[in-house]
Amino acid sequence: MSNWTTETKHNWTKEEILEIYNKPLMELLYEAATIHRKHHDPNTVQVSTLLSIKTGGCPEDCGYCPQAARYHTDIEGNDLMTVSHVKAQALRAKASGSSRVCMGAAWRNVKDGPEFDQVLEMVRTINKLDMEVCCTLGMLTENQAKRLAEAGLYAYNHNLDSSEEYYKEVISTRGYQDRLDTIANVRKTNVTVCSGGIIGMGEKLEDRAGMLVALSTLNPQPESVPINALVSVEGTPMENQEPVSIWEMLRMIATTRIVMPETQVRLSAGRTSMSQEGQAMCFFAGANSIFAGDKLLTTPNPDIQEDMKLFELLGLKPQKPFLKHVHPQTVEAEDSQFKPLGEKPKWTRPKHKIERNEQKKKERRLVKTK
Ligand code: SF4
């Protein structure tokens with residue numbers, strides 16, 4: 001048996017994590033639930049609403065993503081939302097029980113300029129509604145992280161997606177180290193880190209364990225770790241991937257809970273194909289956060305009313321905002337200490353090509369021109 005304790009450990013190895021993942025299921029669930037109860041209220045689940053503030057047209061080639069421009073999927077792109085539109089959506093989310101709004105923009109990286117200024121204004125606006133604000137905007141410099149923090153950002157999401165080895169099979173337009181560098185930039189502020197990944201992309205169990213090594217050996221560990229099951233979308237290079245079974249999801253959630261006891265483990269994409277019983281087991285195994293709303297950026301998700309009915313059935317309560325970390329103060333734009341630097345950091349553009357992604361790009365271009 002692995003020599004783990006319930007205190008946070010930062011030197012997990014792949015072997016130790018695989019040993020946990022492969023335990024007899026009842027033993028795994030019992031251990032995860034025990035750790036979960038020691039660190040969290042098992043009857044409380046944090047609810048976030050994910051808003052796509054700028055959809056589609058992304059220059060990256062993430063093999064799972066319908067927003068990558070090169071795959072010409074059927075999603076409807078849109079320009080950056082207005083601040084008033086975002087505010088209205090946030091108020092609606094709050095009234096339905098969400099404590100956090102997570103704003104996603106399909107960008108490779110943040111660029112200083114009017115669009116980023118608009119996002120900063122969205123952060124200020126939502127923070128003043130007494131909701132936790134999260135952003136996922138791509139790669140970020142230290143100065144940009146500081147500007148977001150000053151506006152009142154609570155969390156920044158930047159997923160590692162998979163193990164470093166398997167990452168090269170999924171994305172060729174940036175490197176794993178870029179992800180880690182952005183997380184390190186966020187860590188130079190008081191903004192909390194949300195970083196997780198996706199299972200069901202064709203990776204081996206070793207890659208799932210490798211991703212958990214990468215996340216759990218960060219010090220501090222991410223405050224939030226989303227675990228997504230791939231939702232395969234027609235037109236993307238992963239359209240034919242087999243769906244993830246509930247048993248794999250349960251094992252992944254339970255293992256994440258054991259290796260990152262303090263973290264909020266987020267049961268993310270893939271919930272629409274899970275039964276209520278399956279989701280209940282995930283909450284028992286240590287998931288204590290969900291995304292609410294009928295869309296997860298572009299893929300389907302249960303409606304928040306359905307989620308609230310499930311909560312009632314299970315006796316779960318939505319978590320109040322700012323329970324785990326302090327409510328950040330908002331500094332107005334005119335009082336900001338940090339000015340745009342117009343930096344042009346050299347994020348990696350690895351030279352390798354992913355055959356499957358290249359192939360899909362060609363096929364889709366042909367379909368589009370016919
Ligand atoms: S996952 Fe994000 S970075 Fe990758 S293609 Fe989609 S929107 Fe772009």
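Structure shown above.
Keep in mind that what you see is a predicted model, and the values were worked out from it rather than measured. (Residues numbered from 1 in each chain as written. Predicted model: local features only at pLDDT ≥ 70, side-chain atom pairs only at ≥ 80, totals over all residues. Heavy atoms only, no water.)

Draft legend 1. Quick peek at the packing of helix α10 (residues 276-284) against helix α11 (residues 304-314). Where α10 contacts α11, the two axes come as close as 11 Å, and the packing angle between them is 65 degrees. In the crossing of α10 with α11, the sense of the turn from one axis to the other is right-handed. For the pair α10 and α11, contact is made by Q276, Q279, A280 and F283 and by L310, F311, L313 and L314, respectively. Taken together, the residues that form the contact of α10 with α11 break down as 6 nonpolar, 2 polar and no charged. (Axes fitted to C-alpha atoms, helices over the stretch in contact; angles between N-to-C directions. Helix = DSSP H or I, 4+ residues; strand = E, 2+ residues; numbered from the N terminus. Left-handed = near helix turned anticlockwise from the far one by under 90°. Contact = heavy atoms within 4.5 Å. Nonpolar A, V, L, I, M, F, W, Y, C, P; charged D, E, K, R; others polar.)

Draft legend 2. The arrangement of the pattern of salt bridges in detail. Within this structure, the stated rule accounts for 19 salt bridges. Between K9 and E16 there is a salt bridge, and its shortest N-O distance comes to 3.3 Å. Using a relative accessible area of 18% as the deciding quantity, one classes E16 as buried. We note a salt bridge from E132 to R100, for which the minimum N-O separation is 3.0 Å. (Salt bridge = Lys/Arg side-chain N within 4 Å of Asp/Glu carboxyl O. Buried < 20%, exposed > 50% of the residue type's maximum accessible area, 1.4 Å probe, protein only.)

Draft legend 3. Examining the site of the ligand more closely. In the vicinity of the ligand, the residues found are C58, E60, C62, Y64, C65, Q67, A68, A106 and R174. Classifying every residue of the shell around the ligand by side-chain character gives 6 nonpolar, 1 polar and 2 charged. (Near = heavy atom within 4 Å.)

Draft legend 4. Structural detail: the pairing of strand β8 (residues 264-267). Side chains Q264 and R266 of β8 all project onto a buried face; the interleaved residues V265 and L267 project onto the opposite face, where all are buried too. Looking at chain direction, strand β7 (residues 224-229) and β8 are connected through 4 bridges and run parallel. Looking at β8, one finds that P226 is bridged to R266. Note on the crossover from β7 through helix α9 (residues 246-259) to β8: the handedness is right-handed. Across 3 bridges, β8 lies against strand β9 (residues 287-292) in parallel orientation. Bridge assignment links V265 to a residue of β9, and that residue is A287. Note on the crossover from β8 through α10 to β9: the handedness is right-handed. (Pairing = 2+ DSSP bridges. Right-handed = clockwise from strand over helix to strand, strands pointing away.)

Draft legend 5. Highlighting the state of the cysteines. Applying the stated criterion to the full structure yields 0 disulfides. Summary of cysteine pairing: C135 is not part of a disulfide, and the nearest cysteine sulfur, belonging to C134, is at 6.6 Å. By relative accessible area, which is 0% here, C135 ends up buried. (Disulfide = S-S within 2.5 Å.)

Draft legend 6. How the structure looks around α11. Along α11, the residues classified as buried are I304, D307, L310 and F311. Seen end-on, α11 carries its buried residues on one side only, within an arc spanning 115 degrees. In this structure, α11 carries K309, E312 and L313 as exposed residues pointing more than 90 degrees from its buried face. Contact partners of the buried residues in α11: β1 (44-54), α10, β9 and β12 (317-318). In the segment just after α11, G315 is the residue with positive phi, at about 70 degrees. (Arc of directions from axis to C-beta.)

These figures capture arrangement, not role.
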